[in-house]
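Chain by chain, the residues run as shown.
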Amino acid sequence: MSKLVAWVAQYGVVIVFANVFVEQVGIPVPALPTLIVAGSLVRAGSLSFLALLGAAVAASLIVDTAWYFLGRRYGHRILRTLCKVSLSPDSCVRQTESIFEKWGMASVVAARFITGFSTVAPPLAGAMGARLPVFLFYDSLGTTLWAGTGLILGFVFHRTIADVLGFLEGLGTGAVYLLGAALALFVLFKWWQRRRFYKTLRMARIGVEELRALFEKGEKPVVFDVRGPGERQHDPRRIPGAMTMEMTELDARLPGIAPEVEIVLYCT
Amino acid sequence: MLIERGYKKVRPLAGGLEAWIDAGYDVEVFEIAS
């Protein structure tokens, strides 16, 4: 057995626990590749499937329960904070909320398989008033299916994974640099993408003072409240005269508005 | 989506509803169907 494989075999359960924990906190270090490698070592008899699955579920439940309580305590505020790390904060809140409204607690199960949504779903469940035992049931189910899938993939494709591990072993310490550089490049790309998006957004936005000045000057911009129904119910306040707008009713609502009219949209 | 439909002056509100409320400006309340 190579040194790298021996090291993963020795600390596999701890590595899986730590990786799932870190990913659920919101740090972009994907745990699925780790689960797949660990799954290949189950086939080799070096690791226990149940121990790995238990580690993944335990790590996920610890972090997700904390997120759930933060969602219950701070409502949509915590969701907005989490969504600030996404590429599109406004649409992030609205989209995650509409997924939850459409699928209910089943979305917590599906969330495990959707990048970005897996961290947002637990606080959203808390903010939407889901009961703790129900949340824990669906969260455990989702994590079991997700982690189980990763482990089984590794189990099935163990030969290919052994080849990759052998290649990395051949690189020696170069493998660590290679993996580190790939991760750094990934994080750097996401950061640059978000920075560019925010720059565009800042240039296009209208400030509250400017909107207020438009009202005072007698100009009448059309103001749309594009929050989801759940969030409007949670906080029914609106800017005076603002109308609700669902994306599905866009074409039905627009004919009454002239193209030269200024339109202001707001979320939370 | 609005710009694709020919609306040129479309702007999101910086800070959203929260910034409007924090600035102390008036708000209305939606009537929520029970």
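Check the entry above for the structure.
Residues numbered from 1 in each chain as written. Chains lettered and ligands numbered in written order. Predicted model: local features only at pLDDT ≥ 70, side-chain atom pairs only at ≥ 80, totals over all residues.

A.B. asks: In this structure, what is going on with the overall build of chain B? I would like to understand it.
C.D. replies: Within chain B, the secondary structure is distributed over one helix and two strands. The helix and strand sequence of chain B, counted from the amino end, reads β-α-β. Here chain B, with 34 residues, has 12% of them falling under the buried criterion. (Helix = DSSP H or I, 4+ residues; strand = E, 2+ residues; numbered from the N terminus. Buried ≥ 20, exposed ≤ 12 C-beta atoms within 10 Å, placed from the backbone.)

A.B. asks: Mind showing me how you'd approach the overall build of chain A here?
C.D. replies: A tally of helices and strands in chain A yields 13 helices and four strands. Once local pairs closer than 6 in sequence are excluded, the contacts in chain A between residues at least 24 apart make up 75%. (Contact = placed C-beta atoms within 7 Å.)

A.B. asks: Quick question: what am I supposed to make of the environment of Phe113(A) here?
C.D. replies: Structurally, the position occupied by Phe113(A) is in the loop between α6 (106-111) and α7 (117-127). Each C-alpha atom, one on Phe113(A) and one on Trp146(A), is 6.6 Å from the other, the two residues being 33 residues apart in sequence.

A.B. asks: Help me understand the interface of chain B and chain A, please; the structure alone is not making it clear to me.
C.D. replies: Where the parts come together, the accessible area they lose is often given as the size of the interface. Across the boundary between the two partners, chain B contributes 27 residues, which contact 25 residues of chain A. Those elements that place two or more of their residues in the side of chain B that touches chain A are β1 (10-12), α1 (16-22) and β2 (28-29) of chain B. A per-element tally of the side of chain B that touches chain A places α1(B) first, with six residues. Looking at chain direction, strand β4 (residues 263-266) of chain A and β1(B) are connected through three bridges and run parallel. Bridging from a neighbouring strand, Ile263(A) pairs with Val10(B) of β1(B). (Pairing = 2+ DSSP bridges.)

A.B. asks: For this particular structure, what's the right way to read the sheet that holds strand β1 (residues 222-225) of chain A?
C.D. replies: Through backbone hydrogen bonds, the strands of a sheet pair up, either in parallel or in antiparallel fashion. With parallel pairing, four strands are arranged side by side in an open sheet as β3(A)-β1(A)-β4(A)-β1(B). For this open sheet the edge positions go to β3 (243-244) of chain A together with β1 of chain B, each flanked by a neighbour on one side alone.

A.B. asks: Would you take a moment to explain the nonpolar core for this structure?
C.D. replies: What tends to happen in soluble globular proteins is that the nonpolar side chains get buried as a cluster. In terms of nonpolar packing, the biggest core is built from 23 residues, with Val16(A), Leu35(A), Ala38(A), Leu52(A), Ala56(A), Ala147(A) and Leu151(A) touching the most fellow members. Among the secondary structure elements, those contributing two or more residues to this core are α1 (3-25), α2 (32-43), α3 (49-74) and α8 (132-156) of chain A. (Core = buried A, V, L, I, M, F, W, Y, C linked by C-beta atoms within 7 Å.)

A.B. asks: In this structure, what is going on with the packing of α3(A) against α7(A)? I would like to understand it.
C.D. replies: Between two packed helices, the angle of one axis relative to the other and the distance separating the axes together describe the packing. All names here are of chain A. Their axes nearest at 6 Å, the elements α3 and α7 cross at an angle of 40°. Regarding the angle of α3 to α7, the classification is oblique. Where α3 crosses over α7, the two elements pack in a sense that is right-handed. Along the contact surface, α3 presents Asp-64, Trp-67, Tyr-68, Phe-69, Leu-70, Gly-71 and Arg-72, while α7 presents Pro-122, Pro-123, Leu-124, Ala-125, Gly-126 and Ala-127. Looking at side-chain class alone, the contact of α3 with α7 contains nine nonpolar, two polar and two charged residues. (Axes fitted to C-alpha atoms, helices over the stretch in contact; angles between N-to-C directions. Parallel < 35°, antiparallel > 145°, perpendicular 65-115°, else oblique. Left-handed = near helix turned anticlockwise from the far one by under 90°. Nonpolar A, V, L, I, M, F, W, Y, C, P; charged D, E, K, R; others polar.)

A.B. asks: How should I be thinking about the pairing of β1(A) in this particular structure?
C.D. replies: Residue and element names in this part refer to chain A. Burial along β1 is two-sided: Val-222 and Phe-224 facing one way and Val-223 and Asp-225 facing the other are all buried. By the bridge criterion, four bridges tie β1 to β4 in an arrangement that is parallel. Paired with Val-222 across the bridge in β4 is Ile-263. Sheet topology note: the β1/β3 ladder contains two bridges and is parallel. Bridge pairing in β3 links Asp-225 to Thr-244.

A.B. asks: Explanation requested: α7(A) in the structure shown.
C.D. replies: Helical geometry: 3.6 residues make up each α-helical turn, so side chains three or four residues apart lie on a common side. All names here are of chain A. The element α7 is extensively covered by neighbouring structure, given that eleven of its eleven residues are classed as buried. Listing the buried residues of α7 in full gives Phe-117, Ser-118, Thr-119, Val-120, Ala-121, Pro-122, Pro-123, Leu-124, Ala-125, Gly-126 and Ala-127. Just downstream of α7 lies Gly-129, where phi reads positive at about 85°.

A.B. asks: Sorry, what's going on with the packing of α2(A) against α8(A) here?
C.D. replies: All names here are of chain A. With their axes 6 Å apart at the nearest point, α2 and α8 run at an angle of 50° to one another. Taken together, the axis directions place α2 and α8 in an arrangement best described as oblique. Remark: the crossing between α2 and α8 carries right-handed chirality. From α2, Leu-32, Leu-35, Ile-36, Val-37, Ala-38, Gly-39, Ser-40, Val-42 and Arg-43 reach across to α8, where they touch Ala-147, Gly-150, Leu-151, Ile-152, Leu-153, Gly-154 and Phe-155. Its residues placed into classes, the contact of α2 with α8 shows eleven nonpolar, four polar and one charged.

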